[in-house]
Amino acid sequence: MPKLTGGATTAEHKIATREAMLDAFIHELHEQGWQNVKLQTVAQAAGVSRTAVYNYFPDKSALLLAWSTREMDRFLLLAERELADRENSVDRIEILVKLTLVEFSLQRFTGIALAELLSAQDRENFLEHIVPLSDLVEQLVQEGIDAGTFVDSDAGATAQLILACVESRRPMLMAGDRVDSVVATTVPFIMRALGVSWPTSLTADPTDRPAHDR
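Keep in mind the model is a prediction, meaning the values are calculated, not measured.

Engineer: What's the story with the side chain of R70 in this structure? I'm lost.
Structural biologist: Tracing the sequence through the fold places R70 in helix α4 (residues 60–83). Side-chain polar atoms of R70 contact the side chain of E19, separated by 2.9 Å. Within the structure, the side chain of R70 is placed 3.0 Å from the side chain of E71, a separation counted as a polar contact. Discounting chain neighbours no more than four positions away, the residues touching R70 are E19, L22 and D23.

Okay, structure coming up:
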């Protein structure tokens, strides 16, 4: 493991080392593909020994699980900030859908495709990182139902259908389609399914620039 630098504590150093490993892993995944990712090359890219990587992650599946959890945590913090000052249920669903589509546009692979390469147990663990997002969508849908803004429905089932709709847009975004074009077809469909008269407008739009300009 690298020597401590500056005023870093041991705890801070461990966090920084773990982050470096995850960053190195995703770079290797992008460059080499899942089958060719090696802990040795991840260690070299992170500037640590292979033994150090094993101290944190026993295999590349563990790296994938840790990376996906980290990215979901980051996304949920972003969503929390964007939703904090919004009370209207329509605005809140619209913002979350747009943020998710923007996130998809910045990715180079699909989580579902990677999950299929994992063992049954690792696949189950990997897909669990989606649960907090599903819970958030369900919460927003239920808020809209309770307020009389959305048509009465099973909030959990509706949330799953919304996520399935959004997920279906991922390949288009990864292929280079403009976020605003995908938003223009996806958001109205979801809103009409919720029983919302469309169009409406937001004062803040996280997709008014193409993905490559963000």
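Engineer: Quick question: what am I supposed to make of the UniProt feature "DNA-binding region" (unreviewed entry) in the protein chain here?
Structural biologist: As recorded in UniProt, the feature "DNA-binding region" (unreviewed entry) lies at residues 38–57. Between the end C-alpha atoms of residues 38–57 the distance is 12 Å, and the span holds 75% helix and 0% strand.

Engineer: Any chance you could explain the environment of S119 here in plain terms?
Structural biologist: One can find S119 in the loop between α6 (111–115) and α7 (120–127). Remark: the alpha-carbon pair of S119 and S61, spanning 58 residues in sequence, is separated by 8.8 Å.

Engineer: Looking at this structure, how should I read the packing of aromatic side chains?
Structural biologist: Aromatic ring pairs are described here by two measures, namely the spacing of the ring centres and the angle between the planes. Following the criterion strictly, the structure yields one aromatic pair and no others. Ring geometry for Y56 against F57: centres 6.3 Å apart, planes inclined by 35°, an arrangement best described as tilted. Overall, the relative accessible area of 22% leaves Y56 in the partly exposed class. The class of F57 is buried, set by a relative accessible area of 4%. In this structure, K60 packs its charged tip against the face of W34, placed 4.8 Å from the ring centre.

Engineer: Any chance you could explain helix α2 (residues 39–46) here in plain terms?
Structural biologist: Since one α-helical turn is 3.6 residues long, residues separated by three or four positions face the same way. Every buried residue of α2 is accounted for by L39, V42, A43 and A46. Down the axis, α2 shows its buried residues gathered within 100° of arc, on one side only. Those residues of α2 that are buried are in contact with α1 (10–32), α3 (50–56) and α4. G47 sits one or two residues past α2 and shows a positive phi near 75°.

Engineer: Just to check I follow, could you spell out the nonpolar core for this structure?
Structural biologist: When a protein is soluble and globular, its nonpolar side chains tend to lie buried together. Formed by 37 residues in total, the largest nonpolar core has its most connected members in I93 and L194. Elements supplying a minimum of two residues to this core: α4, α5 (89–105), α8 (131–146), α9 (155–167) and α11 (179–193). For this core, the element with the most residues is α5, which contributes nine residues. In contact with I93, other than residues within four places in its own chain, are V137, L140, V141, F150, I190, M191 and L194. Core analysis: the second largest hydrophobic core is formed by 25 residues, L22, W34, L39 and L118 among them.

Engineer: In this structure, what is going on with the packing of α4 against α8? I would like to understand it.
Structural biologist: The packing of two helices is summarised by the inter-axis angle and the distance between the axes. Direction vectors running N to C along α4 and α8 enclose 20°, while the axes themselves pass 10 Å from each other. Classified by the interaxial angle, the pair formed by α4 and α8 is roughly parallel. Regarding α4 and α8, the two cross each other, and that crossing is left-handed. Side by side, α4 and α8 meet where M72, F75, L76, A79 and L83 of the first sit next to P132, L133, L136 and L140 of the second. Of the residues belonging to the contact of α4 with α8, the class tally is nine nonpolar, no polar and no charged.

What counts, and where the lines are drawn
- Residues numbered from 1 in each chain as written.
- Predicted model: local features only at pLDDT ≥ 70, side-chain atom pairs only at ≥ 80, totals over all residues.
- Heavy atoms only, no water.
- Helix = DSSP H or I, 4+ residues; strand = E, 2+ residues; numbered from the N terminus.
- Polar contact = N/O pair within 3.5 Å; in protein donor to acceptor, adjacent residues only side chain to side chain.
- Contact = heavy atoms within 4.5 Å.
- UniProt positions renumbered as here; feature names shortened; annotations may be inferred.
- Phe/Tyr/Trp six-rings, centres within 6.5 Å; stacked < 30°, edge-to-face > 60°.
- Buried < 20%, exposed > 50% of the residue type's maximum accessible area, 1.4 Å probe, protein only.
- Lys NZ or Arg CZ within 6 Å of the ring centre and 35° of its normal.
- Arc of directions from axis to C-beta.
- Core = buried A, V, L, I, M, F, W, Y, C linked by side-chain atoms within 4.5 Å.
- Axes fitted to C-alpha atoms, helices over the stretch in contact; angles between N-to-C directions.
- Parallel < 35°, antiparallel > 145°, perpendicular 65-115°, else oblique.
- Left-handed = near helix turned anticlockwise from the far one by under 90°.
- Nonpolar A, V, L, I, M, F, W, Y, C, P; charged D, E, K, R; others polar.

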